[in-house]
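Chain by chain, the residues run as shown.
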Amino acid sequence: MFIRLVDLPAKGHTFQLTWNGRSLTLAPGRTVTLDALSAEVEAIPEGSHHRVHGHAAYSATAFCDRCLESMKLEGDVAISVVCKVRSAARQFPHERPMPVDEVDDWMYEGDGVELADVLEEAVRLEFPPRFVCNEECRGLCPNCGVNRNRESCSCAAVAVDHSLSGLAVLLKERKEGE
């Protein structure tokens with residue numbers, strides 16, 4: 001739903017949006033399916049910019065990062081962004097950090113913003129960096145790949161961390177040199 005901010009009445013306007021079955025990419029190869037989302041936001045003119053605020057309730061499906069099983073997520077997201085027109089003079093090169101007072105601003109070009117983009121960003125920021133189906137999740141066996149929540153395997157209990165194998169070689173050489 002496109003919100004034409006230039007046409008908003010002075011008192012603002014309330015918008016409602018509902019989705020079903022929309023995929024969100026969180027990072028390359030990392031996707032969440034929004035099974036349902038229901039949002040109500042209000043857009044209000046405030047001088048040279050507009051404030052969009054409200055809330056969205058969602059249910060989503062993701063995969064546990066430990067055992068790769070499907071898991072359900074539910075949440076309610078508060079939405080509050082300041083929408084400002086992006087001018088050529090206000091575009092920042094990638095080498096310079098954005099000023100702290102503009103981090104939460106939604107920069108747009110043209111007559112308005114796509115409400116779906118604002119909502120997707122708000123929901124995306126609510127998700128944790130890693131999905132875990134439960135704190136007791138034992139994950140997959142690094143040797144045979146069996147889901148250790150469902151069955152046990154006969155692999156050795158101690159797994160070697162190969163990321164530190166270079167240090168092990170150095171320590172062995174040091175001990176042999178003494």
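Nothing here was measured: the structure is a model prediction, and the numbers come from that model.

Along the backbone of the protein chain there are 2 helices and 7 strands. Tracing the protein chain from N to C terminus, the helices and strands come up as β-β-β-β-β-β-β-α-α. Burial statistics for the protein chain: of 178 residues in total, 29% are counted as buried. Excluding contacts between residues fewer than 6 apart, the proportion of contacts in the protein chain whose partners are at least 24 apart in sequence is 53%. Counting every atom, the protein chain has about 11,900 Å² of accessible surface; 51% of that belongs to carbon and sulfur.

To continue, consider the confidence of the model for the protein chain. Per-residue pLDDT for the protein chain has a mean of 84; in total, 87% of the residues score no lower than 70. Of all secondary-structure elements in the protein chain, the lowest mean pLDDT belongs to strand S6 (residues 105–108), at 78, while strand S4 (residues 49–63) reaches the highest, 93.

Read from one edge to the other, the open sheet built from 5 strands follows the order S2-S3-S4-S5-S6, with strand pairing classed as mixed. Both edges of this open sheet fall to strand S2 (13–27) and S6, since each of them pairs with a single strand only. The average undirected angle you get between the axes of adjacent strands in this sheet is 30 degrees. Pairing between S4 and strand S5 (residues 70–85): 14 bridges, direction antiparallel. Bridging from a neighbouring strand, His-55 pairs with Ala-78 of S5. Sheet strands in contact with helix H1 (residues 115–126) are S2, strand S3 (30–46), S4, S5 and S6, and its direction is about 55 degrees off that of S2.

Turning our attention to the pattern of salt bridges. Going through the model one piece at a time under the given rule, you end up with 9 salt bridges. One salt bridge in this structure joins Arg-30 and Asp-65, with 3.0 Å as the shortest N-O distance. Taken together, the positions of Arg-30 in strand S3 and Asp-65 in the loop between S4 and S5 put the pair 35 residues apart, joining distant regions of the chain. By relative accessible area, which is 15% here, Arg-30 ends up buried. Residue Glu-120 is joined to Arg-124 by a salt bridge in which the shortest nitrogen-to-oxygen separation is 3.6 Å. With Glu-120 and Arg-124 both in helix H1 and 4 residues apart, the pair spans about one turn of that helix. Accessibility expressed as a relative area gives 13% for Glu-120, which makes it buried. When its relative accessible area of 26% is taken as the criterion, Arg-124 is described as partly exposed.

This part covers the packing of aromatic side chains. The geometry of an aromatic ring pair comes down to the distance between the two centres and the angle between the two planes. Applying the stated criterion across every chain, the model contains 2 aromatic pairs. For the ring pair Tyr-58 and Phe-127, a centre distance of 5.6 Å and an interplane angle of 80 degrees mean the geometry is edge-to-face. Linking Tyr-58 in strand S4 with Phe-127 in the loop between H1 and helix H2 (165–177), this pair joins segments that are 69 residues apart in sequence. Among the residues examined, Tyr-58 registers a relative accessible area of 10% and is labelled buried. With a centroid separation of 5.8 Å and an interplanar angle of 70 degrees, the aromatic rings of Phe-127 and Phe-131 are classed as edge-to-face. The exposure class of Phe-127 is buried, given its relative accessible area of 9%. Taking the relative accessible area as the measure of exposure, Phe-131 reaches 2% and is therefore buried. Ring-pair connections join several aromatic residues into one group, and the members of that group are Tyr-58, Phe-127 and Phe-131.

Cut-offs applied
- Residues numbered from 1 in each chain as written.
- Predicted model: local features only at pLDDT ≥ 70, side-chain atom pairs only at ≥ 80, totals over all residues.
- Heavy atoms only, no water.
- Helix = DSSP H or I, 4+ residues; strand = E, 2+ residues; numbered from the N terminus.
- Buried < 20%, exposed > 50% of the residue type's maximum accessible area, 1.4 Å probe, protein only.
- Contact = heavy atoms within 4.5 Å.
- Areas by Shrake-Rupley, 256 points an atom, 1.4 Å probe, with all protein chains shown as cover.
- pLDDT = per-residue confidence, 0-100.
- Pairing = 2+ DSSP bridges.
- Axes fitted to C-alpha atoms, helices over the stretch in contact; angles between N-to-C directions.
- Salt bridge = Lys/Arg side-chain N within 4 Å of Asp/Glu carboxyl O.
- Phe/Tyr/Trp six-rings, centres within 6.5 Å; stacked < 30°, edge-to-face > 60°.

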